[in-house]
Amino acid sequence: MLEAAVRVIAQDGVRGLRVEKLAAEAGVSTALIYYHFKDRAGILRAALEHVNHRAQAYTDEVESADPRVRVEQMLLAELQDVDVVRETSIAWGELRASAAFHPELRETLRTTTEAWNSDVEILVRQADPDVDAAAVAERLTALVEGLSERWHSGSLTLLRARELLTGAVERELG
């Protein structure tokens, strides 16, 4: 059901999310959707948490011993022309934007964003103990989100987004 929720959100947006469509996509009844998630807000919160877990799965695959390289690879993993990455990124952006209109998403969003920043901050601190690792991590993760939104909306190519991100990592960490 969570995979179906992410697909529907990535295809139709949060405003286009209909429980009937989600149930059909998941191959279950609407009653089961409501039983499991209680309400639409529950679907959105669970989808946001699931999107975060999906992203962790492909960003955790980075295998360099060099923390600076790991930071760069982890962030670049968010900018891949791969179905699961595109779908995850689009759903994440949609859920983030929707938090302005759905306050029930804000706590989950804050928690997942803090966790991502923390993961990057740890690597940044290992790469360069002399920088403000928290600030660097926040700038870089925010940049990834912005570049991703521009790529998915067609105002920036994937290649250019990756070049800009690589340049930012270089400027931040040398």
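Keep in mind it's a predicted model, so treat the numbers as computed, not measured.

(A) Layout of unusual backbone geometry. Of note in this structure, Lys 38 is not a glycine but carries a positive phi near 75 degrees. With respect to the helices and strands, the residue Lys 38 is situated in the loop between α3 (30-37) and α4 (40-59). For Lys 38, a relative accessible area of 62% puts it in the exposed group.

(B) Representation of the environment of Val 62 within the structure. Here Val 62 is to be found in the loop between α4 and α5 (67-76). Owing to a relative accessible area of 12%, Val 62 belongs among the buried residues under this scheme. The sequence separation of Val 62 and Glu 72 amounts to ten residues, and the corresponding C-alpha distance is 9.5 Å. Contact partners of Val 62, with chain neighbours within four places excluded, come to Arg 70, Gln 73 and Met 74.

(C) Looking closely at α5. In terms of residue burial, α5 counts as a mostly covered element, since seven of its ten residues are buried. Considered for burial, the residues of α5 that qualify are Pro 67, Arg 68, Val 71, Glu 72, Met 74, Leu 75 and Leu 76. Contacts from the buried residues of α5 go to α4, α7 (106-127), α8 (133-153) and α9 (158-173). Two or three places before Arg 68, at the opening of α5, Asp 66 has a side-chain oxygen 2.9 Å from that residue's backbone nitrogen.

The rules we used
Residues numbered from 1 in each chain as written. Predicted model: local features only at pLDDT ≥ 70, side-chain atom pairs only at ≥ 80, totals over all residues. Heavy atoms only, no water. Helix = DSSP H or I, 4+ residues; strand = E, 2+ residues; numbered from the N terminus. Buried < 20%, exposed > 50% of the residue type's maximum accessible area, 1.4 Å probe, protein only. Contact = heavy atoms within 4.5 Å. Polar contact = N/O pair within 3.5 Å; in protein donor to acceptor, adjacent residues only side chain to side chain.

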